[in-house]
Each structure stands twice: as C-alpha cells, then as structure tokens.
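For reference, the chains in residue letters:
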Amino acid sequence: MKKTLPVPPMLTDLVGHALASMDGVKFTRLDACPSCSGPVTGHDLRAKRFAVILENGKERTIRVSVKRFYCRRCGTLCYADAPFYPDTRLASPVVDLCLLLSQQMPFNRVAQYLRAMGIIVDRGTIRNYASRDFGAIPATELFGLPLPLSLLNLATSTLGRERRPIVGAEVLAACSFPSAGRAAPHDRRSSEERDQRYEE
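Structural notes, computed from the coordinates.

### Some remarks on the nonpolar core
The biggest cluster of nonpolar side chains holds 56 residues, and the ones touching the most others in it are Leu-19, Met-22, Phe-50 and Leu-114. In terms of residue count, the dominant contributor to this core is helix α2 (residues 92-102) (seven residues). Beyond its immediate sequence surroundings of up to four residues, Phe-50 is in contact with Leu-19, Met-22, Ile-62, Arg-63, Val-64, Pro-83, Phe-84, Leu-90, Ala-91, Val-94 and Leu-154.

The following block contains the structure:
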C-alpha cells in the first residue's frame, strides 16, 4: 500500500485555488524592448502553460495569455512582462517550489510531494530546474515544508476573488516580477526551442 505523504489538505486547497485562479489571466504590458530599449508595438497574444494541476483526480492545464510585441527599432519579437523565468515551461511560483523541495529531497520524491499538493511536474523537469541558477528564492516554512513567497503571495492575492477578474499586474506583484534582483539562468538552447514554451 502506498504511503500517503504528509501534506495537509488546507495547503493543497490553498495552492490548488491559487493556480486554478490563474486560468485565462492576461499579461499585456511591456514598456520597451528588452534587447535595445526601443519602442514596441503590440503584435499578438500567445498562450503559455502556467501549471498543470490535479482537479477531481484529473489533470488540468492552467494557461495564461502573454502578449507579443514588435520592436520598431531592432525588429525583435518580445513578450510582455510575465511571471516566468527564461526558457521554462511553467510559471515561476511552480519552479520556485520545485527548487526549494529539491534542496531537501531527491527529485522523484519532489514529484511525489508536488502531486500530493495537486501539482503535476515530472522528475526530469524538476532535475532540469535544479541544475540551473535562478538566484535566491525568498521562502518560508508552512506545515513543515519550505514554500516560496511567490506561491504564498499568489495564494493570498487570489483569496475571495471569484467575482472580480485577476489582473496580470497583480500577479506580477505577487510573484515579484519583473525583478532585476533575480538572476536569469544561463541556457544554451536555441531561440526556436525557447519559443516552443509558448503554445498556440
């Protein structure tokens, strides 16, 4: 018989509600081109996977929309400010949680804990994130587990919000994005591979 992991239902509900609340949120602001600081013009909206959660025993993909912009100076296509680290397929609060847990337990155990919390991330993805440098992750302990402040702030900001839509700027603030203090990881992937993280 499989041993049940000690994850309190209250924590699972809190995290699940926070992530589910992100479905359909739009991120549409970019002040200037990140490459040359030139003026930008709106181009289109691209869907991006925010998280994959367990809902009533079934997997549900939570997606947000991120606006693309065209730089009028250098011609680069760039994305609006959104709570994602470069070259990651999941939102920063989920990545932060993967990193914190992987500092305390093996990757397969992290995947099991995440699943017990209602979040689906495979072992290989967790290992990939753990091998990169995302800078310091502000965290606290809750119910005996290290939890990133990005996820807790997100959960707090979404409580009691059923009747009022969540604005992208509020999500960015909860996740402390954009922040010059968070180091961008070094990655040698091609731009084509990076663009695959956005889903039509």
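### Focus on the packing of helix α1 (residues 9-20) against helix α5 (residues 149-158)
For the pair α1 and α5, the least separation of the axes is 9 Å and the interaxial angle reads 75 degrees. Compared by their axis directions, α1 and α5 come out roughly perpendicular. Taking contact as the criterion, the partners of Leu-14, Val-15, His-17, Ala-18 and Leu-19 in α1 are, on α5, Leu-151, Leu-154, Ala-155 and Thr-158. Along the lines of polarity and charge, the residues of the contact of α1 with α5 split into seven nonpolar, two polar and no charged.

### Description of the packing of α2 against helix α4 (residues 123-130)
Running from amino to carboxyl end, α2 crosses α4 at an angle of 85 degrees, the nearest separation of the two axes being 9 Å. Of the possible angle classes, the one that applies to α2 and α4 is roughly perpendicular. Touching Val-95, Cys-98, Leu-99 and Ser-102 of α2 are Ile-126, Tyr-129 and Ala-130, all from α4. Per-class residue counts for the contact of α2 with α4 are six nonpolar, one polar and no charged.

Reading guide: rules and limits
- Residues numbered from 1 in each chain as written.
- Predicted model: local features only at pLDDT ≥ 70, side-chain atom pairs only at ≥ 80, totals over all residues.
- Heavy atoms only, no water.
- Core = buried A, V, L, I, M, F, W, Y, C linked by side-chain atoms within 4.5 Å.
- Buried < 20%, exposed > 50% of the residue type's maximum accessible area, 1.4 Å probe, protein only.
- Helix = DSSP H or I, 4+ residues; strand = E, 2+ residues; numbered from the N terminus.
- Contact = heavy atoms within 4.5 Å.
- Axes fitted to C-alpha atoms, helices over the stretch in contact; angles between N-to-C directions.
- Parallel < 35°, antiparallel > 145°, perpendicular 65-115°, else oblique.
- Nonpolar A, V, L, I, M, F, W, Y, C, P; charged D, E, K, R; others polar.

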